[in-house]
Amino acid sequence: MKRLFRWTLRLTIFGIIAGTLTVAAVWWTLSPTLPDVAVLREVKLQTPLNVYSRDQKLIAVFGEKRRIPARLDHMPPLLRQAFIAGEDDRFYEHPGIDYQGILRAVWNLIRTGQKEQGGSTITMQLARNFFLSSEKSYIRKVREIMLALKIEREISKDEILELYLNKIYLGHRAYGVAAAAQVYYGRELSELSLAQMAMIAALPKAPSKVNPITNPERAITRRNYVLGRLQSLGYIDQNTYQSAIAEPDQAYYHGADIDLDAPYVAEMARREAIERFGDNAYEGGYRIVTTLDSRLQQAAVESIREGLTAYDHRHGYRGPEAKIELSPDATPADWSSALDGYRTIARLIPGLVVSSDPELAFVYLPDGQSVALDMESVGWAREHIDQDRRGPKPKQVDEVLQEGDIVRVARDAEGLWHLAQLPEAQSALVSLEPATGSILALVGGLDFQLSKFNRITQSRRQPGSSFKPFVYAAAIDHQYNPATIVNDAPVVFNDSSLEGAWKPQNFSEKFYGPTRLREAMVNSRNLVSVRILQDIGLDYARDYITRFGFEPDELPPNLSMALGSATLTPLSMARAYGVFANDGYLPPTRWLARVENSDGELLWEAPPISRCQQCREPGEEKPYTPEVVAPKLKQNNEPQVEQYDAALVQQDPASVPLVKSTFIGPPEPDRAPQALSSQSVYMVRSMMNDVVKRGTGRRAMALGRGDLAGKTGTTNDQRDAWFSGYNSHIVTTVWVGFDDHRKLGRGELGGSAALPIWVEYMKTALDGVPETQPELPVGLTRVWVDASTGELARPGQANAIREIMRTSDASRLASLQPATPENIEEPVNTDDIF
């Protein structure tokens, strides 16, 4: 017996020694391969790219992983306790591995042959999530245990729990508890109920398979288990437990809570982020702040929708989008199935007509409700024959709507439902701040879901007569003035670039004889513009018009340029009109205000704008100087600052790369070169002011302001309709047309198709903006002129009108006839001109 005892004792001692040596050997072998735990303190959680307006309205979120980092002390105590109760109830007691839990799991495995909870602690899960692969092997498990022990020695329990609750995957692309709260319940952490906290705490075991969206029954079972653990551990009492398990779960998928409808700018921001940050763009937590004003952007979106709807109604109803056979015993489930594949676009909701009679039709919507449409709701729907013709007005509802029709409906401001349809025409709007070139609003089309083509930056269309102010500006700087007489008469040009004889004519197909420049602008006389261009010279005019930011190869090398035959983007048109609004200066156009990292630190900011009379072109590349500090990217794509040595720059300037706009520290201002003189700007602006007051743009007078100027534009056969208008505070361009260049239809001109959209938008844009009139610049004067000849008028002349011109021109005209105090006046009041 003693002998058996001695052998047992020896074997035990030998086993302990062997086990100790084995553990030591494993530790000695694997310990050097363990990662440095200190990096956890500096860890950058992968968070998506967020895009904002300048007033911090969320425009878009890009990235596969939804993550919202949260501090532990900002998390509800019951949420933390729910995770501890469900995952690791001895978290604050064990050293990283729970020996009791491991022994319990091993015993259960021996006893039942089934693996049970108890093996992995929160610290071990953290180690696995941050440092280890998902491979299932004994070596990986040993490394996980060793790493957990190392983490516990170097990082506090609260830090471990905070990292875990921000890192853990909780299903449906949600990483961390704050993201899960948004994804499943659309709430902040502080707004969650106890049952919802328990549901989120129940997700780590099988987040993809057992969650309240994918498998609600199993998820609720797991939630109730967590609630039971909370009660058994004393975190909640019996009454609280009973109330929580009785609470129904209302989880459904909540996408990112977008505040502002600006998808075309969001796409511009996404591409910019990829260019700047590469593969890290969607995970670095970058914040891109745009120059958009949320109030103006929303007004632009609404104006485009209303304008295209009005255009659509003017041209009739094209019929249902589709038609199906409705069975007499069809159920709402069948109706819903029929609407699969149809989505709401621009607030136009798809619906199925389930019944129709002469007085009323019922339309079933995807959300399960049915709406009634009466005769007033469908009264606009005259049959569309072509762009110029419609059928008679319907007299009964069932003339328009039949059972089985899949149609669109919309709700107006009063909450009433109306029949609608998806417009086939498109429109785009861009609005700039003239002094800085900042884009305040940009809508690239009716709806980004319908078409991702950005018509503001990508579409090149002929601007028609809205191009004429640039030709007039070139003439003003070529000894013309608003009173200069040009003959509005037929003319024929033989130009090989125009493929034979070209006979331009006015829109009215009439001729008006000798016409003052101002009246030609007001009434958009085509022949006057052509004769002006012929007189001042095509080469001179093309070179001059590039001052507005156009590229030379964008401008046609023939006289058709006078009528707007160039193909230009709406953005380039708005920028060019900004020269008139900004006293002749041309700042670079910008939509990006600044870029921040996930900690809110500034990485890049748009430089200020500085006017200069002689300076480089906007966007011209600038070489580094010793004072310039530029951001480079480390291997982890985080910006770092690199300072170039001044001596090196002086020795070999070519060795220093060029950058376009990537600067750290106080940025060098972007220069706004002077494109036109103040005198030329004032004269062209005064003529465009009359376009609004009494010409083709007079619908803009609905705004009740006297400081607006602008020009309509319509191309041949009404394929494009434009209006560009401005005051000193804002410039806005609107385009309407078909992507396939179809005709808009008879009567669809710049003043009737584009201008109403401009007016509707500017109601919001100019709200609260004081009316301001520009001062008459030095070098201009007001004179009385003969309305028929444009020469200085004599005292008491019956047809004398007041006009502005350069003082030198007035003196030259005065030298041709006796001057009197009555025909040249001091420039003291311009109210009658603007």
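Predicted, not measured: the structure shown is a model, and the values here were computed from it.

1. Some points on the sheet that holds strand S14 (residues 426-433)
- The sheet built from five strands is open, its strands ordered S15-S14-S30-S29-S28 with antiparallel pairing. Whereas interior strands pair on both sides, the edge strands pair on one side only; in this sheet they are strand S15 (438-443) and strand S28 (709-714). Strand-to-strand twist in this sheet, taken as the mean axis angle between neighbours without regard to direction, amounts to 10°.
- Bridge count for S14 against strand S30 (residues 731-737) is seven bridges, and the pairing is antiparallel. If you follow Ser431 over to S30, its bridge partner there is Thr732.

2. Details of the packing of helix H15 (residues 468-476) against helix H17 (residues 526-536)
- One way to put it is that H15 packs onto H17 with a least axis distance of 10 Å and a crossing angle of 40°. When the axes of H15 and H17 are compared, the pair comes out oblique. Remark: the crossing between H15 and H17 carries left-handed chirality. Every residue of H17 that contacts H15 at Lys468, Val471, Tyr472, Ala474 and Ala475 is listed here: Asn526, Val528, Ser529, Ile532, Leu533 and Ile536.
- The residue makeup of the contact of H15 with H17, split by class, is eight nonpolar, two polar and one charged.

3. Topic: the packing of aromatic side chains
- Tallying each qualifying case throughout the model produces 23 aromatic pairs.
- Measuring from centroid to centroid gives 4.9 Å for Phe91 and Tyr92, while their planes differ by 80°, and the two rings are edge-to-face.
- Ring geometry for Phe723 versus Trp758: centroids 4.9 Å apart, planes at 75°, classification edge-to-face. Placement of Phe723 in strand S29 (residues 720-726) and of Trp758 in helix H22 (residues 750-765) is noted, with a sequence separation of 35 residues between them.
- Residue class for Phe723 comes out buried when judged on its relative accessible area of 0%.
- An aromatic cluster is built from Phe467, Phe470, Tyr540, Tyr544, Phe548, Phe550, Tyr577, Phe580 and Tyr726, whose rings are joined through pairwise contacts.
- Above the ring of Phe91, the side-chain terminus of Lys157 is found at 4.6 Å from the ring centroid.
- Taking the ring centre of Trp604 as reference, the NZ or CZ of Arg276 above it sits at 4.9 Å.

4. Regarding the environment of Phe550
- As for its position among the elements, Phe550 is in the loop between helix H18 (538-545) and helix H19 (570-581).
- Here Phe550 falls in the buried class, since its relative accessible area comes to 3%.
- Once the C-alpha coordinates of Phe550 and Ser572 are considered, the two residues, 22 residues apart in sequence, prove to be 7.1 Å apart.
- For Phe550, the residues in contact, after removing those within four places along its chain, are Phe467, Phe470, Ile545, Leu555, Leu568, Ser572, Met573 and Ala576.

5. Side note on the pattern of salt bridges
- Enumeration over the complete set of coordinates arrives at 35 salt bridges.
- Measuring nitrogen to oxygen at the nearest pair gives 2.7 Å for the salt bridge that ties Glu267 to Arg270. Taken together, the residues span about one helical turn, with Glu267 and Arg270 both in helix H11 (residues 263-277) at a distance of three residues.
- Overall, Glu267 belongs to the buried group, its relative accessible area being 17%.
- Here the residues in one salt-bridge network are Arg516, Arg518, Glu519, Asp690, Arg694 and Glu803, joined through shared partners.

6. Description of helix H12 (residues 294-314)
- Compared with an ideal rise of 1.5 Å per residue, which puts 21 residues at 30 Å, H12 spans 30 Å between its outermost C-alpha atoms and is within 8% of the ideal.
- Downstream of H12 by a residue or two, Gly316 has a phi angle that is positive, lying close to 95°.

7. Some points on the sheet that holds strand S5 (residues 287-290)
- Taken in spatial order, the five strands line up as S2-S1-S5-S20-S21 in an open sheet, and their pairing is mixed. In this open sheet, the two edge strands, each paired with only one partner strand, are strand S2 (58-62) and strand S21 (602-605). Adjacent strand axes in the sheet meet at a mean angle of 15°, parallel and antiparallel pairs treated alike.
- With three bridges connecting them, strand S20 (residues 592-596) and S21 associate as antiparallel partners.

8. Points about the confidence of the model for the protein chain
- Summing up the model confidence of the protein chain, the mean pLDDT is 84 and the portion of residues at 70 or higher is 81%.
- Between residues 616-665, whose pLDDT stays under 50, and residues either more than four places distant or in other chains, the model counts 76 contacts.
- Here residues 825-834 is modelled with pLDDT under 50, and outside its nearest four sequence neighbours on either side it reaches 31 contacts, counting other chains as well.

The rules behind these values
Residues numbered from 1 in each chain as written. Predicted model: local features only at pLDDT ≥ 70, side-chain atom pairs only at ≥ 80, totals over all residues. Heavy atoms only, no water. Pairing = 2+ DSSP bridges. Helix = DSSP H or I, 4+ residues; strand = E, 2+ residues; numbered from the N terminus. Axes fitted to C-alpha atoms, helices over the stretch in contact; angles between N-to-C directions. Parallel < 35°, antiparallel > 145°, perpendicular 65-115°, else oblique. Left-handed = near helix turned anticlockwise from the far one by under 90°. Contact = heavy atoms within 4.5 Å. Nonpolar A, V, L, I, M, F, W, Y, C, P; charged D, E, K, R; others polar. Phe/Tyr/Trp six-rings, centres within 6.5 Å; stacked < 30°, edge-to-face > 60°. Buried < 20%, exposed > 50% of the residue type's maximum accessible area, 1.4 Å probe, protein only. Lys NZ or Arg CZ within 6 Å of the ring centre and 35° of its normal. Salt bridge = Lys/Arg side-chain N within 4 Å of Asp/Glu carboxyl O. Expected span 1.5 Å × (residues − 1). pLDDT = per-residue confidence, 0-100.

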